[in-house]
Amino acid sequence: QLLLPVEIWVQEVMAQLEEIEIQIRQLCESRRVRVENFFMDFDKLRSGFVTCNQFLRTLWMNLGVKLSEEQESALLQKYRAPDGRFNYRRFCDSIDAGRAFRPDDLSVHPSAQIPAASELLGTRRSVRPLSPDSENKVLSLLEHLARHYRLGGYSLRAAFKEFDRHNVGCVTESQFYRALPVPKEFGEAEVALLSRRYADPERAGLVSYLNLQSDLDAVLGFSAQQDQQVATKSAPAPPSAFSNGKTEAVTDPSIEMILQRLRVAVHKHGIRLLDFLRDHDKLRHDLVTENQFVKSLMLAIGKQAQLNLPECHALAHYFAAKDGSNRVRYRDFALAMDSPFNVPHLEKKPLATVEVPAQGSLARTQPRLTAAEEADLADTMEDIRRQVLERRLMVYQYFKDYDRTDTPAEFARSLHFLTLDVSPEKLKLLARKFADPATGDVNYPAFAEAVDADFCQQRVSRQADLETRAAQAETRDWQAIVERPVVTVGDNVTFDELMVRIRSLVLSTRARVKDFFVDYDTLRSGLMTRSQFQRCLSQLGLSKLGWHDLSSRQLDLLCNQYADARDGEKVRWMDFVADVDSVFTRTGLEKDPFAAVPAQELFVAPKPGTINWEASASPEHRSCYDQALERLALKVAQRRMLVRPTFRDFDKHRRGTMSRTQFRQAMTMLGLHCEPEELEAIEARFAVDEGFNYAAFLEDLEPEKPVEFMYGKRLQELRLVQSRGRLPDLRPATDADQVLYRIRTKAVRERIRVQEFLRDFDKLRSGRISKVTFRRALSGSGLQLGESEFSHLEDLYQSRKDPDSVEWMRFVDDVEAAFTQKHLDKTPLANPEQFVPEPESCINYLPAEAEQSVNKLLLLIAQQVRERRTQMLPFFESYDKNQFRRVLTDLGIVSSFSEEEWALLYRKFKQTVGTREDVNYFFFVDVVYSMAGFDTRKP
């Protein structure tokens, strides 16, 4: 039937519109966008209409779609409303049709609205047909690649990421050849076939690697589905003999064998598989990839359980996630492996029975030899058994030096040490017979058990054996079984003797006994259990590792002595601490201050086993000991030997004792040689229960000088110093005004606030303090006042009410007048005069009459200097020191000054340097120049 031209034109337009919509739909799917959201920005009222220009602008700006004029007119004609606007909502429904979830369509189930995924990023399949053989070959290549990628953990997208920066899903053919990860057996022909199969039909020279990724994902999903169906149809296997608790049923006998082997290896080696697997699960989803599962499993237990890659992949398929993804439920696997001989959550099921594997059931299996090899080796094994029996050889100890297992070379070396000569051929058979299946080393305990009848390292318990043992355990009278009592030397000591020993140890170590007990009595009730009391004594040092070991009888003696009257199982530890601490002081001394406290030397007890040398030794032994000790002490003193460090090297715990052998060794190292009789006498003198008391021996050999009691002597010296009186003042002050002037000058120059040093001694702010306190306060202020200056100040500011007190506030007001005038707030019109101190070298104060005489003398000197234009400074600098009078005489300036006038000049311009008084000629020259009308030091 022929179509009219109009119908043909309509069909062409509809095909063109469909092609445009398909292109826009694929673009939206690849970018994961909803095109309706772009048009809503132009439709504030949500009417569903925009202008045609807004529609075309949205396609160009947001989607990057540039339509031709024919395509624009076709789209506008299809979706244009009668008012000239564009119906974008109907256009969006057409774009979203068949791909988006439509919540308003209730006629279709939601799961049925999810369409199959189309090609990624708008790529196209190649339309070039391949031959059936080529199609089958491509399918086989895809299956091979999918298996290779799954086992190796490869990612196709990551491989092409560097070549596809803009994520268009295509790369060039050369890039495809370079980056495609293929196994070793793939050649150039296979890669070329894949390149032709996934070539882009629209862009020549490009290959769509995303289509290849999509096909590989489909192949992997199909394989996982088949594996799951096969696993479901398999026959169930019997439950594992090594597992307790509820785990999912194993449906494959081969899987059950692998799991049993893994459980045994986990139990023997103490491996926690969960620690190796959960590092790959950062978000704790209990899922890891198959490659991560295989790698972690091989790293954790591959060698111990003799796993290979096919078995690991079989486990990965068995514990695969049920959502169809290529991931593994590692936590379910670890739960079945980490507790193979225990019941999970046993704290919630205390009555559950835990099955313990029989003894030897987890032993390493040995490889089997052929019948001919066993017969060839039988004579050699019999010969080795005969030699071990006749020579009574302990074979196991020789092999144990190489630790758990021996290499074949170490095994041959050990046999050579035992002189069990074996030919090289028989040695190889022995190494094969007792080889460890995991490491290849020789299992020497099994060899020792095979050749030595008295040695039993690994034995498999029979079921009857276990039942017999259980029956014996039920019928045994456990109450009749008691520990054998241990009798020691110190069991016969009394309580008083034991307390004397404990007090002596506490005194020598200066231990705070209460600190060891108080942590066990949180309520401070003064009571604790017997076990806690014994534990505290052990921490105090009364144990085998401490200073003194208490036997069980001695511990019971202490516990019974301090047992509580109301509860015999409790011990009154506070009473024990009070009795022991009596070596330091007595309690209640604040109530009886005149009570006599015994000296601490009375509590020092000799070490256990010390003999009474004076009473028990014969005169010959005492004479031999005295002569030997005198000779050794003289030798040590002459050579100035350091004896103590050598002895302490043998006493790591500083207990003061050593063995007799160590004592003789130390004497030999020091070069202190003695005759055998002398050594026996010294050892008998200082022998104790713990050995030789070298601390007491060194006290006799190098007696330390007693510390002299210096308190009385020091007290006499202080009294003698105080009775002598005070030293005379080198610079006595003659006037109180001079002292006050010095104080003001120093306070202004060094910014000293005298009030800060005085008011702390007058808490009630009475304005008076004692003279002694006044001196003490000013001594700390840094004013450096002498005895005469203090006397002038005390006389000037003596209190009218108390002759022994000083009115310090009045003194402070006079000193503070150098800074400001008091009560300026009441006299605002007053004009205060600022106190300007003279230079540091010019603070010598003279009375008014003496000051006038000095001024007259200075005027006479200044007049002669002005008339002669004399430069005085160079003459003084030539002499410097104390030739003041000689310089003025040589200049001819003064010729008729009396001794009194020279003394006034000295007093005016003197300056103390240390303990010597010099003349400050700089100041003298400046004063003369100023009176003569010269510039300073420039006449």
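See the structure printed just above.
Keep in mind that what you see is a predicted model, and the values were worked out from it rather than measured.

Attention now goes to the packing of aromatic side chains. This model, assessed by the stated rule, comprises 38 aromatic pairs. Centre to centre, the rings of Y79 and F86 are 5.8 Å apart; their planes meet at 55°, and the pair counts as tilted. Note on accessibility: Y79 and F86 belong to one class, buried. Ring geometry for Y318 versus F319: centroids 4.9 Å apart, planes at 90°, classification edge-to-face. Judged by its relative accessible area of 3%, F319 falls in the buried class. Ring pairing ties together the aromatic residues W613, Y625, F647, F663, F686, F692, Y694 and F697, which thus form one cluster. Stacked on the ring of Y198, the Lys or Arg R197 has its end atom at 5.4 Å from the ring centre. In this structure, K433 packs its charged tip against the face of F434, placed 5.7 Å from the ring centre.

This part takes up empty space enclosed by the protein. Evaluated as defined, the whole model comprises 1 cavity of 30 Å³ or more. Estimated volume of the largest cavity: approximately 60 Å³. Contributing to the lining of the largest cavity are I502, L505, V506, T509, A511, L540, G541, L542 and W547. Among the elements that make up the lining of the largest cavity, the one with the highest residue count is helix 22 (residues 495–509) (4 residues).

Moving on, we get to helix 14 (residues 309–318). Three or more residues of helix 14 are buried, namely E311, C312, H313, L315, A316 and Y318. Between the side-chain oxygen of the N-cap and the backbone nitrogen of E311 there are 3.0 Å, and the N-cap of helix 14 in question is N308.

Let us look at unusual backbone geometry. Phi angles above zero are rare outside glycine, and R510 is one such case at about 55°. Relative to the elements of secondary structure, R510 occurs in the loop between helix 22 and helix 23 (513–517). The exposed category is assigned to R510, whose relative accessible area is 53%. Phi at H823 takes a positive value of approximately 60°, unusual for a residue other than glycine. Among the secondary structure elements, H823 is positioned in the loop between helix 38 (808–816) and helix 39 (848–868).

It is worth spelling out the environment of I24 at this point. Inspection of the secondary structure puts I24 in helix 1 (residues 5–31). A relative accessible area of 1% means that I24 is categorised as buried. As for I24 and V65, which are separated by 41 residues in sequence, their C-alpha atoms are 7.8 Å apart. Apart from the residues lying within four places of it in its own chain, the contact partners of I24 are L59, L63, F91 and I95.

Cut-offs used in this document
- Residues numbered from 1 in each chain as written.
- Predicted model: local features only at pLDDT ≥ 70, side-chain atom pairs only at ≥ 80, totals over all residues.
- Heavy atoms only, no water.
- Phe/Tyr/Trp six-rings, centres within 6.5 Å; stacked < 30°, edge-to-face > 60°.
- Buried < 20%, exposed > 50% of the residue type's maximum accessible area, 1.4 Å probe, protein only.
- Lys NZ or Arg CZ within 6 Å of the ring centre and 35° of its normal.
- 1 Å grid on protein atoms, 1.4 Å probe; cavity = no way out; pocket = protein on both sides within 12 Å on 5 of 7 lines; lining within 4 Å.
- Points joined across faces, edges and corners; volume = space filled by probe spheres on them.
- Helix = DSSP H or I, 4+ residues; strand = E, 2+ residues; numbered from the N terminus.
- Polar contact = N/O pair within 3.5 Å; in protein donor to acceptor, adjacent residues only side chain to side chain.
- Contact = heavy atoms within 4.5 Å.

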